[in-house]
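So you can see what is in the structure, the chains are spelled out below.
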Amino acid sequence: MLSFFKKRPYLLFIAPGFILYTILVIYPIAAAAVISLYRWNGIGPKTFVGFNNYIELFNNKDMVSQLWNALSHSLMIFILTVIFVIPVQIIMAYMVYSKVRGKSFFQVAIFSPQFISTPVIIFIFTLLLDANIGVVNKFLESIGQGHLTKPWLGIPEFGMYIVWIMISWAGMGVGMMFFVGAMKMVPVDCLESAYLDGAGFWKRLITIFLPQIKVTILNMVLISYIFGMTIFDFSYLLGGTSGGIERNVDVMSLFFYRMAFGDTNPLGGNISQNSMGMGTTIACVLFLMIFIIALIQLLIVYRKEE
Amino acid sequence: MNKHQGFMALVIKGLMWIYSLITFSILIYMIYNSFRTRQDILSNTFGMPKKLNLDNFKKLFVNDHFYRYFLNSAVILVFSLILITLLSSMTAYGIGRYKFKFRKFTRIYFLVGLMFPVQLGIVPIFLLMKNLNLINNHASVILILSAGISMPVFMLTDFFANLPNEIYEAAIIDGAGEWKTFYKIMFPMAKPIVFSICIIMSVQVWNQFFMPLIFLQSEAYKTIPLIIVKYTKNLLSTMDLAMAASVLSTVPILIIFVIFSERILEGVATGGVKG
Amino acid sequence: MKKFYRALSMVLLVVVLSVSFLTACGSEQSANSTEASGSTAEKSSQPVTLKIWGDTDNQAILEASFNEINEAFTKKYPNIKLDYQYSGSFDSINVALQSDSLPDLFWVQGNKSTKMAEMAKQGFLLPLDDYKLDSSRFPEQSIEYATVDGKIYCSFPSFFDYAIMYYNKDIFQKYGLDKPKNWGEFENIVKTLKDKGETAISFGGKGDFDRYWLMQVLAPTLANDVLQNIKEHKADTDYKNLIDTFNIYRSFAEKGYLGKDFAATDGAGAQLAFTNGKAAMLVDGTWNNQVFASVNFNVGRFALPSKDGVLYSQSGPSNYNTYAVSAKTKYPDEAVKYIEFLNDKESQQIFENNLGAIPLVKDLTPKDESVKEMAEYDQVGNNIYHVLSGVADETARPQDMLLADILPKLMTSKMTGEEAAQKIKDEIAKSSAK
C-alpha cells in the first residue's frame, strides 16, 4: 500500500482538499440537482416528476424569454469586462509592478471598493448620481451646464451599463492584484535578455509579459465568464427581485433567485408551488451553461500546453 | 530596471492618479459620513455638517459590543485563510506538477464549486453540521469556507506547473522528500501569487454573509457582515450606524491588504538557476 | 518519504485539533439548550429555555422593544429562560424547515402570505386553540390573520401599518395649504404646488415597491368598492373606478406632480429629497415614522381622503409581534406562555412606547402626537396588493403583474388605465381562485 502512494505523491497532495471539497461542495450540489427532478415548494411533500421541470421551463414562453434576457445581460457583463476591464487591469498591474511612484496608494485606492459592502456602495453611487439631490447633477448646475443633467441611474437603456460600471469599479482591484502577482512570477532571466536587447517599457510588456502571463489572462477570462453568470448583488439591489423596469438589469443569477426564493417580500404574497423544484432546475441549467464553456476552454488551453 | 519612459506612461500614470483619487475619495466620503449624526445625514445630506462626533462609534462599541463581532470575524478569517492557503496550494501543486490520468478531469472537478449557487445546497451541509453538533459554532463556518478552494486552485495550478523543473529535480536528487521539496522550495517560489490569492480570499471570507447567517445563530457568535446588514436593511433609519459599521469593518482588511501587497512586490522575481 | 507522512499527519492533526477546540467552545452553548430534555408535563421547578427567532431584517427597529419585553417576561416567569436571537431570516427559516430544526418559537407573517398556511397544513406549527387564548381585545382582522382552516397558529397582530402621506408643514404653510378634507382639495394641493415650481410628491420610480406605495394609497381612496368586489370573488365587477385610479396615477406622472426625473429616482433618493426639504410630500409607510422625527422641519401626516371626504388607510397587520410555535417544541406549555405574553397589553404597550406604531387594539396609550395623527383615518380600506394576491394562483399572479408590469408602464405613459384594468381582469380570469 505504501508503494502505491510512493509512486503517486500527487494523491497525497490532493487528498485533503479533495475530501473537504467533495463533502462540502460536490455532495450538496448533487443533492440539489436531484431536487430538480421533483415538484416541491420547500415546505410540503415532494413529488417526483422526472425531467418535467426542464420541459416546463423550456416550453413556458414567458420563462424562456426571461432566461434569454437574463442571459444576454450576463454575457454583456462578460464581454464588456474582457474587452475593457481586463486590459485596464493589466496595464495598471504593470505600472504597479514597475514600482511607479505612488504604487502603494494606487493599490489601496483601487482595491478599496472591495472593503465596502455592496449596499453601501450602491447608496453612495445613488447619492452621486441621483437626479434630484445627486452631487454630479448639482455640480453640473453650479457650473451652468444645467441642461446636461440627466437621471443617470434611471434611463432604462443605460441600466445594465450602470450595473456593469459598478461591478467593474468594485472588482478592478481584484484582477489588478492577480496580474501583479502573475507578473512577479515571471522568471528574471526572461527579463534580463529583454533589457540587453534594449526593449522599451511598453515593448517589454507586449513582448515579454503578455506571453508569459497568457495563461493567467485566459484564466481570468474564464473567471469573468463564470462571474457574469453568477453575479447577483448589484442587480438585486438596484432592480429588486424582478430585475428592474422591464427586467432591464436582470442577470442569470437573479433570474434563478427569483424563481427559487422570489416570493418573500414585506407585503406577504403567495409562495409558488414549485419554487424549489423550478429553482434547482434553473440552477442546473445555469450550471451546465457554465460547465460546458469551462470545459471547452480548459481542453483548448491544455491542448496547447501538451 | 525601473525606468519609465515615454509619454504614454505619463498619460497612464495621470489617469491612474485621477481614478485612484476619485475611488479613494469615495472611501473618505464614507468615513466622513460615519462621523455625522442621523439628523444631519437626513436633513442636510450634502451640506456642511454642524458638528462631527464619535457618537456612532460609541454606540457600536458599547451598545452592540462591536468587538465581539470583530473577534468572531477575525477568528474565522485566520483559520479559514490558513486552511484555504494550505489546501489550495497542496492541491494545485499536486495537479500542476504531476502528470497523471484524470488530470484534466480533476481540474474541472475543482472548478465546479464556482458554478452553482450556494443557497441551494445549504440544507445537506446544515444537516451534516447538525450531526456534528457544530451549529452555532465557528468551526462550521470555517470548514465550509475552507472548502471553497475552487478559485485559488484554478489560479494556482498553472503557476505551480510552470515553476522551473531544474530546481525540483535538484532538490529530489539532493535527497529531499516530496513534501519537503514542496514546502521548503517550490511553495516559497510561488509567494507573489500566493499572497495575491491570500488578499483576495481574505476579502471574500471577511465579507461572507450567507454562511454566518445560517450557521451562527446567537448574537455572541455573529460576524461583522451580519451587523452591517442589520443597519443597511432599513438604511434610511439607520444610515449613521451603517456607515460607522462599514468603516470599522474596513480597517482590519485594509491592514491585511497593506501587509500582503507590499510583500508581493518585494524580493526578486523567481530566479532562474543560478548555479 | 517518512517526513512527508509526518508533515501530512501534522496538518491533519492541526485541523482536527482546531476543529475540536472550536467545537468545545461551541458545545458549551449548544449543551445548554439540549440538556433540559426532561418531560414536558413537569412544571415549575425544572428551568426551561425557549429558543426564539426574531425578525433578522428588522433587528435594528425591534431590538429596543424586545429587550424590554423579554426582560419583563423573564420577571414574570422566572423559570423560563429565553434564548432570543434575531436569526429568523427567510433563508434561515427555510433551512430550519427543511432540516427539521425549527426553534421553539419564530416570527411569521400570518395570512399576509401563504407561507404560514402552508407550514400549518404540513404540520410544522402547533395549533393554539387548546390553550384558549384570550382574543377579546382584538378586531376581526387580527383573528383572521392568525387562523388557518379554523385553527389559530400565531399570536394576534396588535398593530398595523399603512402607507400615508407625509408632508412638509413649512412648505404647505408657505402656499396657504392644509391637510385635504376631500379628494378635490388634494388635487388642488398637488396642482398648486406644481404651478409654484415645487415637487409635489417625492417619488421613487425605480423600485418595485417604491413606486407602488402611491398606488396603495390611491386604490382604496378612489376604488375601494372595486377592490371589495374582487376580494369577495364577485364576477362581473364594474372596473370603472379602478380604471380612473390607474389613469390618475398616470396623469400624476405626466403632469409633473412627481418631481423631475422621478423614473430615475429610487426609494432612498425620494426619501432623502423629502428629508432635505426639497419636496412637499412623500408617500411612505407608517413603519418609517420614526425616521421623520430626525428632520429639521415640521412634518405632518394625513391619510388620503376620498371624493366624499372619507379618510382611508389600508389594511396591513404588522408582523412585528406575531409569532408561531413549532409543532416539535419540547415545551409547548411554556412556549404558549410567550404567545400569551405577546397577546397581552403589557408587551404591546412596550412596543407602542418604542415604535409609535398604530394600534389595532383600543386600550394602548399612543407614544406621541404623531401616532394620534396617523390614527386619524375613518375607514380601513382594502390593500390592493393583498386583494390581488387573494385571487391569485400558481399561474395567474395579478399582484406581480401590477408591480412589475402595469405600474412602470403607467408611470412612463406606455399604458392607459383602460388597458391596465383589462390586463388585471384577464389575469384574474385565468386564476382558479378568482
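Please read these numbers as outputs of a predicted model, since none were measured by experiment. (Residues numbered from 1 in each chain as written. Chains lettered and ligands numbered in written order. Predicted model: local features only at pLDDT ≥ 70, side-chain atom pairs only at ≥ 80, totals over all residues.)

Overview of the overall build of chain A
Phase 1 of the analysis: When helices and strands are tallied, chain A shows 14 helices and two strands.
Phase 2 of the analysis: Residue burial in chain A is summarised as follows: out of 306 residues, 47% are buried.
Phase 3 of the analysis: Restricting the contact set of chain A to residue pairs at least 6 apart, pairs at least 24 apart contribute 66%. (Helix = DSSP H or I, 4+ residues; strand = E, 2+ residues; numbered from the N terminus. Buried ≥ 20, exposed ≤ 12 C-beta atoms within 10 Å, placed from the backbone. Contact = placed C-beta atoms within 7 Å.)

A few points about the overall build of chain B
Phase 1 of the analysis: Counting secondary structure elements, chain B contains 14 helices and zero strands.
Phase 2 of the analysis: In chain B, the order of α-helices and β-strands from amino to carboxyl end is α-α-α-α-α-α-α-α-α-α-α-α-α-α.
Phase 3 of the analysis: Within chain B, the proportion of its 275 residues that are buried is 50%.
Phase 4 of the analysis: Taking contacts inside chain B between residues at least 6 apart in sequence as the whole, the part at least 24 apart equals 76%.

Observations regarding the sheet that holds strand 7 (residues 163-168) of chain C
All names here are of chain C.
Phase 1 of the analysis: The four strands lie next to each other as 8-9-7-10, forming an open sheet whose pairing is mixed. Every interior strand has two partners, whereas the edge strands, strand 8 (199-202) and strand 10 (299-302), have only one. Going across the sheet, the axis of each strand differs from the next one's by a mean of 25°, ignoring polarity. (Pairing = 2+ DSSP bridges. Axes fitted to C-alpha atoms, helices over the stretch in contact; angles between N-to-C directions.)

Considering the packing of helix 4 (residues 61-97) of chain A against helix 11 (residues 214-230) of chain A
Residues and elements named next belong to chain A.
Phase 1 of the analysis: Look at helix 4 against helix 11: their axes get within 8 Å of each other, and the N-to-C directions meet at 150°. With respect to each other, helix 4 and helix 11 are oriented roughly antiparallel. Here helix 4 runs over helix 11; the crossing is right-handed. Residues Ser-74, Leu-75, Ile-77, Phe-78, Thr-81, Val-82 and Ile-86 of helix 4 form the contact with helix 11, whose own contacting residues are Ile-217, Met-220, Val-221, Ser-224, Tyr-225, Gly-228 and Met-229.
Phase 2 of the analysis: Tallied by class, the residues present in the contact of helix 4 with helix 11 amount to ten nonpolar, four polar and no charged. (Parallel < 35°, antiparallel > 145°, perpendicular 65-115°, else oblique. Left-handed = near helix turned anticlockwise from the far one by under 90°. Nonpolar A, V, L, I, M, F, W, Y, C, P; charged D, E, K, R; others polar.)

Structural notes on the sheet that holds strand 11 (residues 304-305) of chain C
Residues and elements named next belong to chain C.
Phase 1 of the analysis: Taking strand neighbours across the sheet as the criterion, the three strands line up as 11-12-15 in an open arrangement whose pairing is mixed. What marks the edges here is a single partner per strand, and that holds for strand 11 and strand 15 (379-381).
Phase 2 of the analysis: Bridge count between strand 12 (residues 311-314) and strand 15: three bridges; the pairing is parallel. For Tyr-312, the partnering residue across the bridge sits in strand 15 and is Gln-379.
Phase 3 of the analysis: With respect to the sheet, helix 8 (residues 212-231) is in contact with strand 11, strand 12 and strand 15, its orientation differing from that of strand 12 by roughly 125°.

What to know about the interface of chain A and chain B
Phase 1 of the analysis: Chain A puts 74 residues into the contact, and the matching count from chain B is 80 residues.
Phase 2 of the analysis: For the side of chain A that touches chain B, the element with the highest residue contribution is helix 2 (residues 9-35) of chain A, accounting for 17 residues.
Phase 3 of the analysis: Among the residues forming the side of chain A that touches chain B, the class breakdown is 57 nonpolar, 13 polar and four charged.

Considerations on the interface of chain C and chain B
Phase 1 of the analysis: Each side of the interface is counted separately: chain C has 40 residues, and chain B has 38 residues.
Phase 2 of the analysis: Secondary-structure elements contributing two or more residues to the side of chain C that touches chain B are helix 1 (2-35), helix 2 (59-76), strand 2 (80-88), helix 3 (90-98) and helix 10 (267-275) of chain C.
Phase 3 of the analysis: For the side of chain C that touches chain B, the leading source of residues is helix 1 of chain C, giving 14 residues.

Re helix 10 of chain C
Phase 1 of the analysis: With nine of its nine residues buried, helix 10 of chain C lies for the most part within the structure.
Phase 2 of the analysis: Regarding helix 10 of chain C, the residues found buried are Gly267(C), Ala268(C), Gly269(C), Ala270(C), Gln271(C), Leu272(C), Ala273(C), Phe274(C) and Thr275(C).
Phase 3 of the analysis: The inward-facing, buried residues of helix 10 of chain C contact helix 6 (118-129) of chain A, helix 2 (38-43) of chain B together with strand 7, strand 8 and strand 9 (279-285) of chain C.

A word on the nonpolar core
Phase 1 of the analysis: With 297 residues, the main nonpolar core has Ala93(A), Phe106(C), Ile201(C) and Ala324(C) as its most contacted residues.
Phase 2 of the analysis: Per-domain counts for this core show at least three residues from each of domain 1 (46-154 + 321-356) and domain 2 (163-316 + 369-430) of chain C.
Phase 3 of the analysis: The residues touching Ile201(C), leaving out its near neighbours within four places in the chain, are Val190(C), Tyr257(C), Leu258(C), Ala279(C), Met281(C), Leu282(C) and Val283(C). (Core = buried A, V, L, I, M, F, W, Y, C linked by C-beta atoms within 7 Å. Domains from an automatic or database assignment.)

What about the pairing of strand 9 of chain C?
Along any regular strand, the residues point their side chains to alternate faces of the sheet.
Residues and elements named next belong to chain C.
Phase 1 of the analysis: The buried count for strand 9 comes to six of seven residues, which makes it a mostly enclosed element.
Phase 2 of the analysis: Across five bridges, the pairing between strand 7 and strand 9 is antiparallel. Of the residues in strand 9, the one forming a bridge with Met-165 is Val-283.
Phase 3 of the analysis: Bridging between strand 8 and strand 9 involves three bridges; their strand directions are parallel. For Thr-199, the partnering residue across the bridge sits in strand 9 and is Ala-279.

Quick word on the confidence of the model for chain A
Phase 1 of the analysis: Here chain A shows a mean pLDDT of 83. Residues at 70 or above account for 88%.
Phase 2 of the analysis: Mean pLDDT values for the elements of chain A range from 70 in helix 7 (residues 135-142) of chain A up to 92 in strand 1 (residues 38-39) of chain A. (pLDDT = per-residue confidence, 0-100.)

Regarding the environment of Ile84(B)
Residue and element names in this part refer to chain B.
Phase 1 of the analysis: When you line up the elements, Ile-84 lands in helix 4 (residues 66-97).
Phase 2 of the analysis: Residue classification places Ile-84 among the buried residues on the basis of 26 C-beta atoms within 10 Å.
Phase 3 of the analysis: Along the sequence, Ile-84 and Gly-148 sit 64 residues apart, while their C-alpha atoms lie 7.6 Å from each other.
Phase 4 of the analysis: Among residues more than four places away in sequence, those in contact with Ile-84 are Ser-146, Ile-149, Pro-152 and Met-201.

Description of the environment of Ala146(C)
Residues and elements named next belong to chain C.
Phase 1 of the analysis: As for its placement among the helices and strands, Ala-146 is situated in helix 5 (residues 140-146).
Phase 2 of the analysis: Given 26 C-beta atoms within a 10 Å radius, Ala-146 is considered buried.
Phase 3 of the analysis: Sequence separation between Ala-146 and Gln-271 is 125 residues, and the spatial gap between their C-alpha atoms is 33 Å.
Phase 4 of the analysis: If we skip the residues at most four places from it in the chain, Ala-146 touches Gly-110, Ile-152, Tyr-153, Cys-154 and Phe-156.

Re unusual backbone geometry
Phase 1 of the analysis: Phi is positive for Lys99(A), which is not a glycine, with a value near 55°.
Phase 2 of the analysis: Relative to the elements of secondary structure, Lys99(A) occurs in the loop between helix 4 and helix 5 (103-111).
Phase 3 of the analysis: Judged by the 13 C-beta atoms lying within 10 Å of it, Lys99(A) is partly exposed.
Phase 4 of the analysis: Located in the positive-phi region is Lys132(C), a residue other than glycine, with phi close to 50°.

So, the environment of Ala176(B)
Phase 1 of the analysis: Here Ala176(B) shows up in the loop between helix 9 (165-173) and helix 10 (178-189).
Phase 2 of the analysis: In contact with Ala176(B), not counting residues within four places along its chain, are Ala171(B) and Thr181(B).

Section: the confidence of the model for chain B
Residues and elements named next belong to chain B.
Phase 1 of the analysis: Taken as a whole, chain B shows an average pLDDT of 85; of its residues, 95% reach a score of 70 or greater.
Phase 2 of the analysis: The element-level mean pLDDT for chain B is lowest in helix 2, coming to 78, with helix 7 (residues 138-146) highest at 94.
Phase 3 of the analysis: Counting interchain partners and residues more than four positions distant, the pLDDT-below-50 stretch residues 269-275 has 16 contacts.
Phase 4 of the analysis: Among the prediction metrics, the complex's ipTM stands at 0.87, with pTM recorded as 0.85.

A closer look at helix 11 (residues 191-206) of chain B
Phase 1 of the analysis: If you check helix 11 of chain B, its first and last C-alpha atoms are 22 Å apart, about what 16 residues at 1.5 Å a residue would give, namely 22 Å.
Phase 2 of the analysis: Most of helix 11 of chain B is tucked away, with 14 of its 16 residues classed as buried. (Expected span 1.5 Å × (residues − 1).)

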